[in-house]
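Descriptive analysis of the structure
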Amino acid sequence: MFNWIKRQRSSRGFGIHSPFAYDFVINVLRERCLYYAYSNIEGHDNRLIYRIALHLHPSEVCCGGMIYDFKNDIPVCDSRTDRFPFYIISKSAGLSSFTLISPQYVAVFIGIDNDKELKDRFEDMKNDLHGYGMAFYNPHRAVIVADKNLPRQDFRINF
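Residues numbered from 1 in each chain as written. Predicted model: local features only at pLDDT ≥ 70, side-chain atom pairs only at ≥ 80, totals over all residues. Heavy atoms only, no water.

**Some words on the overall build of the protein chain**
A tally of regular secondary structure across the protein chain gives four helices and seven strands. When the helices and strands of the protein chain are listed from N to C terminus, the series reads α-α-α-β-β-β-β-α-β-β-β. Once local pairs closer than 6 in sequence are excluded, the contacts in the protein chain between residues at least 24 apart make up 45%. Of the roughly 8,800 Å² that the protein chain leaves accessible, carbon and sulfur atoms contribute 52%. (Helix = DSSP H or I, 4+ residues; strand = E, 2+ residues; numbered from the N terminus. Contact = heavy atoms within 4.5 Å. Areas by Shrake-Rupley, 256 points an atom, 1.4 Å probe, with all protein chains shown as cover.)

Below, the structure is given as structure tokens:
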């Protein structure tokens, strides 16, 4: 019960001191407003993936062993050149075909509560963040942002 209350508090930004983490939690993970493309996107998890991709501008999206190049498809509103690969990792995407192609990446784990192998993979990747990167997670899904410009922090929140 106490963990749920603590997650609720952090989910609203209380106790989050990193400007990137605060913005990511409030404006991406916990965003409740409608996006223009929501009519074409079904499911909470797919909408979450869409919001993360719009916010972080990945260089490519890797799902189930397939790599989709979105460099020209996702609108970029800033001059960032440090765009990382974006991995969607779930039981349906298959873990056997998953390999990291960059030390800096964004990974979204869907369904970690239903699959021990998936949860173990998340824990391994989270523990492999040596001195940089942030992990945002709850009992059902997780996001790792492995960016060398971010301090090493973990956030257990509801999203």
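**Quick look at helix α2 (residues 19-29)**
Turning to α2, its buried residues are A21, F24, V25, V28 and L29. Looking down the long axis of α2, one finds its buried residues gathered within 115° of arc, a one-sided arrangement. (Buried < 20%, exposed > 50% of the residue type's maximum accessible area, 1.4 Å probe, protein only. Arc of directions from axis to C-beta.)

**So, helix α4 (residues 116-127)**
Each full turn of the α-helix corresponds to 3.6 residues, which orients residues three or four apart in the same direction. Look at α4: 16 Å from first C-alpha to last across twelve residues, which is about the 16 Å you get at 1.5 Å a residue. Burial in α4 covers these residues: L118, F122, M125 and K126. Taken end-on, α4 shows its buried residues confined to a sector of 100°, consistent with a single buried face. More than 90 degrees from the buried face of α4, the exposed residues found are K116 and E117. Considering only its buried residues, α4 is in contact with β3 (85-90), β4 (105-110), β5 (134-137), β6 (141-146) and β7 (153-156). (Expected span 1.5 Å × (residues − 1).)

**So, the environment of Y50**
Note that Y50 resides in helix α3 (residues 44-56). Placed 22 residues apart in sequence, Y50 and V28 show a C-alpha to C-alpha distance of 9.5 Å. Among all residues touching Y50, those that are not within four sequence positions of it are Y35, Y36, A37, Y38 and I41. In terms of polar contacts, Y50 uses its side chain to reach the side chain of Y36, at 2.8 Å. (Polar contact = N/O pair within 3.5 Å; in protein donor to acceptor, adjacent residues only side chain to side chain.)

**Some points on the environment of D113**
By secondary structure assignment, the location of D113 is in the loop between β4 and α4. Classification of D113 by relative accessible area gives partly exposed; the value is 38%. For the pair formed by D113 and N138, sequence separation is 25 residues and the distance between their alpha carbons is 9.0 Å. When residues no more than four places from it in sequence are discounted, the contact partners of D113 are P139 and H140. A polar atom in the side chain of D113 sits 2.7 Å from the side chain of H140.

**Side note on the nonpolar core**
If you look at the biggest cluster of nonpolar residues, it comprises 25 residues, and the most contacted ones within it are F24, L29, I52, F86, F136, V143 and V145. Within the residue set of this core, elements represented by two or more residues are α2, α3, β3, β4, β5 and β6. With 17 residues, the next largest nonpolar core counts C62, F109, I112 and L118 among its residues. (Core = buried A, V, L, I, M, F, W, Y, C linked by side-chain atoms within 4.5 Å.)

**Some thoughts on the side chain of S18**
The topology assignment puts S18 in the loop between α1 (2-11) and α2. Under the relative-accessibility criterion, S18 is labelled buried at 10%. The contact partners of S18, leaving out residues within four places of it in the chain, are M134 and Q153.

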